[in-house]
Amino acid sequence: MVTISVDAMGGDHGPSVLIPGAAIALERHPELKFIFYGKEPEVQPEIDKFPKLKAASTFVHCDVSVRMDDKPSQALRQGRWKSSMWKAIEAVKTGEADVCVSAGNTGALMAMSRFCLRTMADIERPAIAAIWPTLRGESIVLDVGATIGADAQQLVDFSVMGAAMARAMIENPRPTVGLLNVGVEEIKGQEEVKEAGRLLRDADLPTLEYHGFVEGDDLGKGTVDVVVTEGFSGNIALKTAEGTARQIGEYLRAAMGHSLMSKIGYMFARSAFKRLGEKMDPRKVNGGVFLGLNGIVIKSHGGTDSEGFAAALDMGHDMVRNELQRKIDIDIKQFHTRQGRSSPAVTVPELNENKSEK
């Protein structure tokens, strides 16, 4: 059994999309249990539409919900201890749930997660990791937007956590890791990236194989299993890929309807275009996991539909079943023990007021 706590008020569409998404996930994984947090007049009628889901879930009323445009500090002041987002995260801390999933405000979710769950020992900053479709299958990319900038040690920590996620999700016993850079040559790039490369090479970790530097086009090729970067460039890469996929889709739709012959051609190639659409569908890989916290929190895209939210729930299910948190904890402790580094003091995380994206 895997229990998922859901911030039912998150996202652009709220319960009308999130609850049907949970019903879809339950059909795929009958062992799932849900705890929904939100405003009863909006959430309960949606749950009542799905008898199987209602039987497998618990609902907790919350008077407060975090808006998509709230600043992280504002969300903490108004929603700490009582909002649907906080309660969903807190359920992981108390052990009531195995994983939390929210489609709400990214900055608020990260701030609340760090305050409620705290970062793991030896981890200074969490990272958002996303599964990235490639020509070879799937890769993991992190950080895609948790924090701006990272020093060499933080990039190494991201590498260790990303490799642990690859072992859990892609089932690769020794995944390859590459640092995103402006070139593959050792002399190129920022000093932090070059230093991180040296640290990874010298560490020769048994849990990962350091490939070296990779460039932007390597993300789609699937050159490595794990691509590591800091949150600024990672988020730009993610949004660029999503926009490119939509752009290509629009080009294809326009081309197929341009003339009678193109419409006839589409009829003959319909199955091929269907497979292409499935490959390019961002809903299939919806969900970014916050790595480095004392618990699993997954951020779903705020504008996704029920299928996309179900994919985020699927990810949460798989991470719990594959013991992601345990793998990260073991790998981080082993690495820092070998490096002789002591655990940093637990501090209240800083807030980035500009981080309030959907």
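Packing of helix 5 (residues 84-94) against helix 6 (residues 106-117) leaves a shortest axis separation of 10 Å and a crossing angle of 35°. The hand of the helix 5/helix 6 crossing is right-handed. Two secondary-structure elements touch here, helix 5 through Met85, Trp86, Ile89, Glu90, Val92 and Lys93 and helix 6 through Ala108, Leu109, Met112, Ser113, Phe115, Cys116 and Leu117. Of the residues that constitute the contact of helix 5 with helix 6, the class distribution is ten nonpolar, one polar and two charged.

Here the focus is the pattern of salt bridges. All told, the structure shown has 19 salt bridges when counted by the stated rule. Two residues, Glu185 and Lys188, come together in a salt bridge whose shortest N-O distance is 3.5 Å. Residue Glu185 is classed as partly exposed on the basis of its relative accessible area, which comes to 37%. Note that Lys333 is salt-bridged to Asp329, the shortest N-O span being 3.3 Å. Residue Lys333 and its partner Asp329 are both found in helix 14 (residues 324-339); the two are separated by four residues, about one turn of the helix.

Let's shift gears to the nonpolar core. Counting 68 residues, the largest nonpolar core has Phe34 and Phe36 as its most contacted members. For this core, the leading source of residues is helix 7 (residues 152-169), giving eleven residues. Dropping the residues within four chain positions of it, Phe34 is found in contact with Ile4, Val6, Ala22, Ala25, Leu26, Leu53, Ala56, Ser57, Thr58 and Leu313. Counting 37 residues, the second largest nonpolar core, distinct from the first, contains Leu76, Met112, Val141 and Leu180.

Our focus in this paragraph is helix 8 (residues 191-203). The end-to-end C-alpha distance of helix 8, which contains 13 residues, comes to 18 Å, matching closely the 18 Å that a straight helix rising 1.5 Å per residue would cover. The secondary structure elements touched by the buried residues of helix 8 are helix 7, strand 7 (176-180), strand 8 (209-214) and helix 14. Two residues or fewer after helix 8 comes Asp204, characterised by a positive phi angle close to 45°.

The predicted model of the protein chain has a mean per-residue pLDDT of 86, with 91% of residues at 70 or higher. Counting contacts from residues 343-358, a segment whose pLDDT is below 50, to residues more than four positions away or on other chains yields 43 contacts.

Spatially, eleven strands are ordered 3-2-1-4-11-10-5-6-9-7-8 in an open sheet, and the strand pairing comes out mixed. This sheet does not close on itself; its edge strands, each paired only once, are strand 3 (57-61) and strand 8. For this sheet, the mean angle separating the axes of adjacent strands, direction not counted, is 25°. Where helix 1 (residues 15-28) meets the sheet, its contacts fall on strand 1 (2-7) and strand 2 (32-38), and the angle it forms with strand 2 comes to roughly 170°.

Here the focus is helix 5. Within the span of helix 5, buried status applies to Ser84, Met85, Trp86, Ala88, Ile89, Ala91 and Val92. Summarising the contacts, the buried residues of helix 5 are in contact with strand 1, strand 2, helix 4 (72-79), strand 4 (99-102), helix 6 and strand 11 (296-299). Positive phi shows up at Gly95, right after helix 5, with a value of about 90°.

What follows concerns a nonpolar patch on the surface. Judged by side-chain polarity, Ile148, Phe232 and Ile236 come together as a nonpolar surface patch covering roughly 300 Å² of accessible area. With respect to the element layout, Phe232 can be found in helix 10 (residues 231-256). With a relative accessible area of 48%, Phe232 lands in the partly exposed category.

Our focus in this paragraph is the packing of helix 7 against helix 8. At a minimum axis separation of 8 Å, helix 7 and helix 8 run at an interaxial angle of 50°. Looking at the two axes, helix 7 sits oblique to helix 8. Viewed along their axes, helix 7 and helix 8 form a crossing whose handedness is right-handed. In this structure, helix 7 contributes Ala152, Gln153, Leu155, Val156 and Ser159 to the contact, and helix 8 contributes Glu192, Val193, Glu195, Ala196, Leu199 and Leu200. Classifying every residue of the contact of helix 7 with helix 8 by side-chain character gives seven nonpolar, two polar and two charged.

Basis of the calculations
Residues numbered from 1 in each chain as written. Predicted model: local features only at pLDDT ≥ 70, side-chain atom pairs only at ≥ 80, totals over all residues. Heavy atoms only, no water. Axes fitted to C-alpha atoms, helices over the stretch in contact; angles between N-to-C directions. Helix = DSSP H or I, 4+ residues; strand = E, 2+ residues; numbered from the N terminus. Left-handed = near helix turned anticlockwise from the far one by under 90°. Contact = heavy atoms within 4.5 Å. Nonpolar A, V, L, I, M, F, W, Y, C, P; charged D, E, K, R; others polar. Salt bridge = Lys/Arg side-chain N within 4 Å of Asp/Glu carboxyl O. Buried < 20%, exposed > 50% of the residue type's maximum accessible area, 1.4 Å probe, protein only. Core = buried A, V, L, I, M, F, W, Y, C linked by side-chain atoms within 4.5 Å. Expected span 1.5 Å × (residues − 1). pLDDT = per-residue confidence, 0-100. Pairing = 2+ DSSP bridges. Patch = residues over 30% accessible without salt bridge, like charges linked within 9 Å, V, L, I, M, F, W, Y side chains within 5 Å. Areas by Shrake-Rupley, 256 points an atom, 1.4 Å probe, with all protein chains shown as cover. Parallel < 35°, antiparallel > 145°, perpendicular 65-115°, else oblique.

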